[in-house]
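Report on the structure
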Amino acid sequence: MPIAEPSKRLQQIPPYMFQELERRIAEKKAAGIDVISLGIGDPDQPTYPYIVEAMQKAVADPSTHQYPSNRGREEFRQAFADFYDRRFGVQIDAADEVIPTIGAKECIYNLCNAFLDPGDVALASDPGYPVYTGGPLLHGATAELLPLLPEKGFAPDLAAIPAESLAKAKMMFINYPNNPTGAIVPEGFFEEVVAFAREHEILIVHDNAYSETTYDGYVAPSFLATPGAKEVGVEVFSLSKGYNMTGWRVAAILGNADAIQSYWRLKTNVDSGLYEALQLAGVAALEGPPEPLAEQNATYTRRRDLVVAALGAIGVNVTAPKGTIYIWAPVPEGHTSTSFAETVLEEAAVVVSPGSMYGPSGEGFFRISLTAPDDRIEEAVERMRAHLS
Ligand SMILES: *Cc1c(COP(=O)(O)O)cnc(C)c1O
């Protein structure tokens, strides 16, 4: 018997459904088989050296050693305001329209804490990043899943949201370039979202994790560049993927000043802010030269093209995504997401993610992450060609 039962809210989180797949991966590894994982979306390359150097310097600076404030250092807020102006043409007031967050995940979870009461609804992309559904459940609210429709460019049909859920909806999570589908925002969708948010009084949270990770000349916009967006929403900008900083936990929330104020108020009760040396490293990242990012995106483009070609050779046709670090592909005839992931593991000793991991609308798809070294990706696609053709 456990000494105490976990809370009902925690028990409500659906059990992890992919234990069988993980058991098989562990079994293969234990048997000495060289398993290549293309499952996890965590960049394989190190953080850019200029950021590491800035961090080393910042750690040695005693002004970073005390409790940070949840508002963040002036330099941090100003660097984000400057970056948003330069990069997206978005004006951000460094005084009250941006503060640091301990990664995007913390921010999204705590926005649920700041805005949702039991009985409230959050609208969440399906398939989507798991905290869009777990966050509401852990605050006694529920998530209404919005299927991302391939025929709509992986945008949800806002007109199809059940009226009863819409009446209870307080916030909506969207994310473009999109994980896991690799989709970029369809023309006009952000504008549609702003009008929808105004009509139904719903706070929009745009999770921007991939705007700097794009290919083929595509330049991703900020949601905040949409006219009226700042009146209805916030954007969470994470340095994790673009700057290879997943372990560092540096992000910012930008946009609607009232929403940021509520988030800040909540945070003063929850944690003590982002370590100031990390804030300074974040400043360095945003002010850094463009070359490392460009080089990295060239690397992902090369890997993406390898994977798309290999999938074509086994009869899986996908369009190459213009952003993110993922290939989202339909499973071959006769397979479910899980049975296909198991087959790829058995036949090729390659791990791919079953699409159903990201929500019910992910069923029928699988996701390949481009975050393995080039030679491992080459080996993985070679094995898939050899064993699955
Ligand atoms: C990776 C990812 C995140 C994680 O961001 P952190 O800043 O590392 O917490 C958030 N959202 C999406 C959609 C992601 O893919």
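This part covers the overall build of the protein chain. Secondary structure summary: the protein chain contains 14 helices and 12 strands in total. Against the 2.2 N^0.38 benchmark of 21 Å for 389 residues, the protein chain shows a C-alpha radius of gyration of 21 Å, consistent with a compact globule. Projecting the C-alpha coordinates of the protein chain onto the three principal axes gives extents of approximately 60 × 55 × 50 Å. Looking at the 389 residues of the protein chain, the share that counts as buried comes to 55%. Within the protein chain, residue pairs in contact and separated by at least 24 positions form 75% of the contacts whose partners lie at least 6 positions apart. Distance between charge centres in the protein chain, computed from 30 positive and 51 negative side chains, equals 3 Å.

A separate point is the domain arrangement of the protein chain. Many authors give the size of an interface as the accessible area that is lost as the parts come together. Partitioning the protein chain into domains gives domain 1 (8-46 + 291-388) and domain 2 (63-287). Spacing between the C-alpha centres of domain 1 and domain 2 amounts to 26 Å. Contact with domain 1, which involves 30 residues of that partner, is made by 33 residues of domain 2. Interface of domain 1 and domain 2: buried area, both sides summed, is about 2700 Å²; carbon and sulfur atoms make up 58% of it. If you sort the residues of domain 1 by the area they bury against domain 2, Arg9, Lys322 and Thr324 come out on top, with a joint share of 24%. The interface formed by domain 1 and domain 2 holds one salt bridge in total. A salt bridge links Arg304 to Asp216; the shortest N-O distance between them is 2.9 Å. In this structure, the connection of domain 1 to domain 2 is made through 13 residue pairs in polar contact (both at pLDDT 80 or more). Of all elements in the fold, only helix 1 (8-12), helix 12 (291-313), strand 9 (326-330) and strand 12 (365-369) reach the threshold of two or more residues within the side of domain 1 that touches domain 2. It is helix 12 that provides the largest number of residues to the side of domain 1 that touches domain 2, a total of six residues.

Glancing now at the packing of aromatic side chains. This structure, assessed with the given rule, holds 20 aromatic pairs. Ring centres of Phe83 and Phe237 lie 5.4 Å apart, and the angle between their planes is 65 degrees; this geometry places the pair in the edge-to-face category. Of this pair, Phe83 sits in helix 4 (residues 74-88) while Phe237 sits in strand 7 (residues 233-238), and the two are 154 residues apart along the sequence. Overall, the relative accessible area of 5% leaves Phe83 in the buried class. The class of Phe237 is buried, set by a relative accessible area of 1%.

This part covers the pattern of salt bridges. Pairs can form between side chains of opposite charge whenever their charged atoms are close. Overall, the coordinates contain 22 salt bridges when judged by the stated rule. Between Arg303 and Asp374 there is a salt bridge, with its nearest N and O atoms 2.8 Å apart. Pair noted here: Arg303 is in helix 12 and Asp374 is in helix 14 (residues 374-388), with a separation of 71 residues, a long-range link. A single network of salt bridges, built from pairs that share partners, joins Arg24, Lys28, Glu342 and Glu346.

Here Pro15 is to be found in the loop between helix 1 and helix 2 (19-30). On the basis of relative accessible area, Pro15 is assigned to the exposed category, the value being 64%. Sequence-wise, Pro15 and Met171 are 156 residues apart; in three dimensions their C-alpha atoms are separated by 25 Å.

As for its placement among the helices and strands, Glu333 is situated in the loop between strand 9 and helix 13 (337-348). For the pair Glu333 and Val316, spaced 17 residues apart in the sequence, the C-alpha separation amounts to 9.8 Å.

Moving on, we get to the site of the ligand. In the vicinity of the ligand there are 14 residues, among which Asp207, Tyr210, Ser238, Ser240 and Lys241 approach most closely. Residue Lys105 places a main-chain N or O atom 2.9 Å away from an oxygen atom belonging to the ligand. Here Ser240 contributes a side-chain N or O atom positioned 2.6 Å from an oxygen atom of the ligand. Taking 390 Å² as the accessible area of the ligand by itself, protein coverage stands at 95%. Its residues assigned to classes, the shell around the ligand shows five nonpolar, five polar and four charged.

Relative to the assigned elements, Ser165 resides in helix 7 (residues 163-168). Exposure remark for Ser165: the relative accessible area of 12% places this residue in the buried category. In this view, Ser165 contacts Val121 and Glu144; residues no more than four positions away in its chain are not counted.

As a further point, take the side chain of Lys28. Tracing the sequence through the fold places Lys28 in helix 2. The contacts of Lys28, once residues within four sequence positions are left out, are Ile33, Val35, Leu345 and Glu346.

So, about the pairing of strand 5 (residues 169-174). Burial analysis of strand 5 places five of its six residues in the buried class, which makes it a mostly covered element. Of the strand pairs in this sheet, strand 3 (residues 121-126) and strand 5 are connected by four bridges, and their pairing is parallel. Opposite Leu123, over in strand 5, you have Met172 as the bridge partner. One crossover worth recording links strand 5 to the parallel strand 6 (residues 203-208) by way of helix 8 (residues 189-200), and it is right-handed.

What follows is about the sheet that holds strand 4 (residues 142-147). Taken in spatial order, the seven strands of this open sheet run 2-8-7-6-5-3-4, and their pairing is mixed. If you trace the sheet from one side to the other, it starts and ends with strand 2 (98-101) and strand 4, each paired once. On average, each strand axis in the sheet is inclined to that of its neighbour by 25 degrees, with strand direction left out of account. Two strands pair when backbone bridges link them, and strand 6 and strand 7 are joined in this way by five bridges, in the parallel orientation. Across the sheet, residue Asn208 finds its bridge partner in strand 7, namely Phe237. The sheet contacts of helix 5 (residues 103-115) involve strand 2, strand 5, strand 6, strand 7 and strand 8 (251-255), and relative to strand 5 the element is tilted by about 170 degrees. Where helix 8 meets the sheet, its contacts fall on strand 3, strand 5 and strand 6, and the angle it forms with strand 5 comes to roughly 170 degrees.

Rules used in this analysis
- Residues numbered from 1 in each chain as written.
- Predicted model: local features only at pLDDT ≥ 70, side-chain atom pairs only at ≥ 80, totals over all residues.
- Heavy atoms only, no water.
- Helix = DSSP H or I, 4+ residues; strand = E, 2+ residues; numbered from the N terminus.
- Rg over C-alpha atoms; globule rule 2.2 N^0.38 Å.
- Buried < 20%, exposed > 50% of the residue type's maximum accessible area, 1.4 Å probe, protein only.
- Contact = heavy atoms within 4.5 Å.
- Lys, Arg positive; Asp, Glu negative; His and termini not counted.
- Charge placed at Lys NZ, Arg CZ, Asp CG, Glu CD.
- Domains from an automatic or database assignment.
- Buried area = accessible area lost by both parts, 1.4 Å probe.
- Salt bridge = Lys/Arg side-chain N within 4 Å of Asp/Glu carboxyl O.
- Polar contact = N/O pair within 3.5 Å; in protein donor to acceptor, adjacent residues only side chain to side chain.
- Phe/Tyr/Trp six-rings, centres within 6.5 Å; stacked < 30°, edge-to-face > 60°.
- Near = heavy atom within 4 Å.
- Areas by Shrake-Rupley, 256 points an atom, 1.4 Å probe, with all protein chains shown as cover.
- Nonpolar A, V, L, I, M, F, W, Y, C, P; charged D, E, K, R; others polar.
- Pairing = 2+ DSSP bridges.
- Right-handed = clockwise from strand over helix to strand, strands pointing away.
- Axes fitted to C-alpha atoms, helices over the stretch in contact; angles between N-to-C directions.

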